[in-house]
Amino acid sequence: MQQRLLTTQEAATYLGVSKAFLERDRWAGARIPFIKVGSRGVRYRPQDLEQYVEQQVRRSTSDRGAA
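What comes next is a walk through the structure. (Residues numbered from 1 in each chain as written. Predicted model: local features only at pLDDT ≥ 70, side-chain atom pairs only at ≥ 80, totals over all residues. Heavy atoms only, no water.)

### Things to note about the packing of aromatic side chains
Basically, it comes down to this: Note on aromatic pairs: the rings of Phe, Tyr and Trp (six-membered ring only in Trp) are paired at centre separations within 6.5 Å, and the planes decide the class, stacked below 30 degrees, edge-to-face beyond 60, tilted for the rest. Counting from the N terminus, the helices are the DSSP runs of H or I reaching at least four residues and the strands are the DSSP runs of E reaching at least two. Using a 1.4 Å probe on the protein chains alone, a residue whose accessible area is under 20% of its type maximum counts as buried, one over 50% counts as exposed, and one in between counts as partly exposed. For a ring to carry a charge above it, either NZ of a lysine or CZ of an arginine must fall within 6 Å of the ring centroid while also lying within 35 degrees of the normal to the ring plane.
Under the counting rule described, the total for this entry stands at one aromatic pair. Residues Phe 34 and Tyr 44 carry aromatic rings whose centres are separated by 6.5 Å and whose planes lie at 55° to one another, so their mutual orientation is tilted. Here the residue Phe 34 occupies a position in the loop between helix 2 (19-28) and strand 1 (35-37), and Tyr 44 occupies one in the loop between strand 2 (41-43) and helix 3 (46-55), the gap between them amounting to ten residues. Its relative accessible area of 32% is what places Phe 34 among the partly exposed residues. Just above the ring of Phe 34 sits the side chain of Arg 26; from NZ or CZ to the centre is 5.9 Å.

Structure representation (structure tokens):
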């Protein structure tokens, strides 16, 4: 099954963050996986965004998640 890749703006809208947030994430080491298309293009797979969201689930503000 072929799935549509999302632009940075579409991924930002999906996550409810700014485009700049995703750009900074890529510069800082990319916690959110992305796909490089050509020399400058960046795309996101919806399943990677969903997995990122699931990894962010916490039970309290002091919960740092899985080590």
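That shown, we press on.
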